[in-house]
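Observations on chain architecture
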Amino acid sequence: MFGGAARSVWQYGPMNGRGGIPRVLSMVLAGGEGKRLMPLTSVRAKPAVPYGGQYRLIDFALSNLANGGFRKIVVLTQYKSHSLDVHLSRTWRMSTFLGNYVTSVPAQMRRGPRWFAGSADAIFQNLNLIDDEHPEYIFVFGADHIYRMDPEQMLEHHIASGAGVTVAGIRVPIGDAYQFGVMERGADSTLITAFREKPADPVGLPDNPEQVLASMGNYIFSTDVLIDVLHADAESQTSGRDIGGDLIPALVGSGQAHVYDFTQNVVPGETPRDRHYWRDVGTLDSYYEANMDLVAPLPVFNLYNDEWPVFTSFRTLPPAKVVAHGEYGSGDLANSMISAGCIITGATVHNSVLSPNVRIEPGAVVENSILFDDVHVGPGAVVRNSIVDKHIVIPRARAIGGDPERDAEEFTISPGGVVAIGKGHKVKYA
């Protein structure tokens with residue numbers, strides 16, 4: 001499954017006295033509840049939320065690791081993980097001949113009868129995984145961001161710098177610093193001199209005062225450093241048990257934290273338009289915008305990169321079909337992604353993402369919307385500026401997304417005005 005994107009895992013000469021390829025274990029943190037994505041996360045963990053028609057959010061982190069050649073991966077889960085577990089078991093199966101695997105690891109309560117208290121505690125409770133693999137380096141990646149990144153280049157940087165931890169950083173306008181954990185560094189150094197969470201008075205970069213380096217939530221740890229800081233954190237009575245809030249500031253204080261500038265990363269097949277694209281889809285509005293980034297004729301984020309593919313599972317479905325109707329003709333389709341199994345009959349679909357097996361009946365209008373699997377839009381119905389979860393039926397002639405007051409009576413409305421209809425909702429008739 002993953003052979004087409006395989007590359008050499010390491011380009012340096014012998015480094016560790018055992019052939020030159022460092023031992024790496026990847027941990028993907030996928031236990032987040034995703035409260036700000038409600039109602040999409042009412043039935044599933046945030047990393048399992050569909051995206052771009054046929055993908056799940058977690059597919060991007062896993063694809064980056066697999067394409068980069070790092071294929072010993074554990075996915076730490078906790079919140080409503082069944083949908084995620086099923087997706088991992090159906091999709092992320094690798095050859096065992098070389099010891100490759102992707103495996104879901106639920107909260108095992110090895111440190112007592114309690115759930116994970118934070119991202120740092122999730123790793124601390126699973127130190128047995130590190131003991132089993134004896135890695136020299138550990139990737140700790142988030143599971144809910146949209147991006148392409150070659151992790152091999154980040155590991156090269158980590159080893160060359162001698163860091164205990166390397167934090168992936170993305171340049172954002174200084175006016176957006178309040179939304180992120182922000183790193184400060186010296187003018188000619190990658191050493192992090194300060195790590196501040198959502199600062200009110202951010203300091204611009206030495207080479208561009210109008211930008212800051214925001215944490216992307218991706219880290220590489222030297223194993224001994226990670227184990228030491230996890231034990232120290234577990235003994236602290238004041239820690240929030242969080243990687244960004246506790247572990248990274250502690251390692252900044254001891255001079256062991258460096259930053260990797262994401263703009264230095266080069267991914268095969270990328271274009272100038274989608275280079276260094278990264279989206280944190282933590283809210284309904286950011287999730288909606290990330291999907292809309294896909295539908296332009298020249299998309300801001302390009303899913304059609306065969307040199308660095310995004311892997312996922314596929315349902316066994318026939319090709320999409322557009323059917324002409326006597327009254328409405330062949331309809332009108334533009335700037336949309338249409339997944340397998342969709343049937344569009346005499347309908348209008350503009351600037352939208354249709355997931356597998358969607359049905360749109362004659363005279364219906366779907367604009368600026370995201371429809372999940374098996375949504376059925378009835379004859380003459382209108383859906384605008386909406387996210388519609390799986391198996392929802394939009395009744396005949398019902399209008400959604402055009403009347404904020406009526407929409408708010410029945411659905412979730414984001415601050416940006418996006419209508420979100422959760423899985424299992426019974427939409428009322430017009």
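Here's a quick rundown of the structure. (Residues numbered from 1 in each chain as written. Predicted model: local features only at pLDDT ≥ 70, side-chain atom pairs only at ≥ 80, totals over all residues. Heavy atoms only, no water.)

Okay, the packing of helix H1 (residues 58–68) against helix H2 (residues 82–91) next. H2 packs onto H1 with a crossing angle of 35° between their chain directions and a minimal axis gap of 12 Å. The interaxial crossing formed by H1 with H2 has right-handed handedness. Between H1 and H2, the residues in contact are Ile 58, Asp 59 and Leu 62 and Leu 84, His 87 and Leu 88, respectively. Taken together, the residues of the contact of H1 with H2 break down into 4 nonpolar, 1 polar and 1 charged. (Axes fitted to C-alpha atoms, helices over the stretch in contact; angles between N-to-C directions. Helix = DSSP H or I, 4+ residues; strand = E, 2+ residues; numbered from the N terminus. Left-handed = near helix turned anticlockwise from the far one by under 90°. Contact = heavy atoms within 4.5 Å. Nonpolar A, V, L, I, M, F, W, Y, C, P; charged D, E, K, R; others polar.)

Looking now at the pattern of salt bridges. Going through the model one piece at a time under the given rule, you end up with 14 salt bridges. Across the pair Arg 44 and Asp 389 runs a salt bridge, and its minimum N-O distance is 2.9 Å. In this pair, Arg 44 is assigned in the loop between strand S1 (24–30) and strand S2 (50–51) and Asp 389 in the loop between strand S25 (386–388) and strand S26 (393–394), connecting sequence segments 345 residues apart. A salt bridge links Arg 398 to Glu 410, with the shortest nitrogen-to-oxygen separation between them at 3.1 Å. Of this pair, Arg 398 sits in the loop between S26 and strand S27 (399–400) while Glu 410 sits in helix H9 (residues 404–410); the two residues are 12 residues apart in sequence, bridging distant segments of the chain. Taking relative accessible area as the criterion, Glu 410 reaches 15% and is therefore assigned buried. Salt bridges sharing common partners tie together Arg 171, Asp 207 and Asp 261. (Salt bridge = Lys/Arg side-chain N within 4 Å of Asp/Glu carboxyl O. Buried < 20%, exposed > 50% of the residue type's maximum accessible area, 1.4 Å probe, protein only.)

Between helix H6 (residues 223–235) and helix H7 (residues 243–253), the shortest axis-to-axis distance is 10 Å and the interhelical angle comes to 115°. The way H6 lies across H7 gives a crossing that is right-handed. Two secondary-structure elements touch here, H6 through Val 225, Leu 226, Val 229, Leu 230 and Asp 233 and H7 through Asp 246, Leu 247, Ala 250 and Leu 251.

Paired through their backbone hydrogen bonds, the strands of a sheet run either parallel or antiparallel. If you trace the 5 strands from one edge of the open sheet to the other, you get S15-S18-S21-S24-S27, paired in parallel fashion. For this open sheet the edge positions go to strand S15 (332–334) and S27, each flanked by a neighbour on one side alone. (Pairing = 2+ DSSP bridges.)

Turning next to the environment of Gly 118. Tracing the backbone shows Gly 118 in the loop between strand S5 (101–105) and helix H3 (119–124). A sequence separation of 123 residues divides Gly 118 from Arg 241, and the C-alpha atoms of the two residues are 4.9 Å apart.

This brings us to the packing of aromatic side chains. Taken as a whole and assessed by the stated rule, the structure comprises 9 aromatic pairs. Relative to Phe 60, the ring of Tyr 55 lies with its centre 5.9 Å away and its plane at 50°, an arrangement referred to as tilted. Each member of the pair, Tyr 55 as well as Phe 60, carries the same accessibility label: buried. In this structure an aromatic cluster arises from ring pairing among Tyr 51, Tyr 55, Phe 60, Tyr 277 and Phe 301. (Phe/Tyr/Trp six-rings, centres within 6.5 Å; stacked < 30°, edge-to-face > 60°.)

Here the focus is the nonpolar core. Ranked by internal contacts, the top residues of the largest apolar core, which has 40 residues, are Ile 58, Leu 62 and Val 75. When residues of this core are traced back to their parent elements, those giving at least two are S1, H1, strand S4 (72–77), H2, strand S6 (137–142), helix H5 (151–161), strand S8 (165–173) and strand S11 (211–222). Counting residues per element, this core draws most heavily on H1, which supplies 5 residues. (Core = buried A, V, L, I, M, F, W, Y, C linked by side-chain atoms within 4.5 Å.)

The next thing to look at is the side chain of Asp 150. In this fold, Asp 150 is placed in the loop between strand S7 (145–147) and H5. The class for Asp 150 is buried, based on a relative accessible area of 1%. There is a polar contact of 3.0 Å between the side chain of Asp 150 and the backbone nitrogen of Glu 152. At 2.9 Å, the side chain of Asp 150 and the side chain of Gln 153 are in polar contact. (Polar contact = N/O pair within 3.5 Å; in protein donor to acceptor, adjacent residues only side chain to side chain.)

Here 5 bridges tie strand S9 (residues 181–185) to strand S10 (residues 192–197), and the two strands are oriented antiparallel to one another. Along S10, the bridge assignment pairs Arg 185 with Ile 192. Linkage of S9 to S10, two consecutive antiparallel strands, is achieved through a turn of 6 residues.

Right, let's talk about H1 for a bit. Most of H1 sits out of view: 11 of its 11 residues are buried. When H1 is considered as a whole, its buried residues turn out to be Ile 58, Asp 59, Phe 60, Ala 61, Leu 62, Ser 63, Asn 64, Leu 65, Ala 66, Asn 67 and Gly 68.

The next subject is the sheet that holds strand S14 (residues 321–323). With parallel pairing, 5 strands are arranged side by side in an open sheet as S14-S17-S20-S23-S26. Two strands lie at the open edges of the sheet, namely S14 and S26, each paired on one side alone. Of the pairings in the sheet, the one linking S14 to strand S17 (residues 343–345) comprises 3 bridges and is parallel in character. Pairing of Lys 321 across the sheet is with Ile 343, part of S17.

Before going further, it helps to examine the pairing of S5. Pairing between S4 and S5: 5 bridges, direction parallel. Counterpart to Lys 72 in the pairing with S5 is Tyr 101. Traced from S4 through H2 to S5, the parallel crossover comes out right-handed. (Right-handed = clockwise from strand over helix to strand, strands pointing away.)

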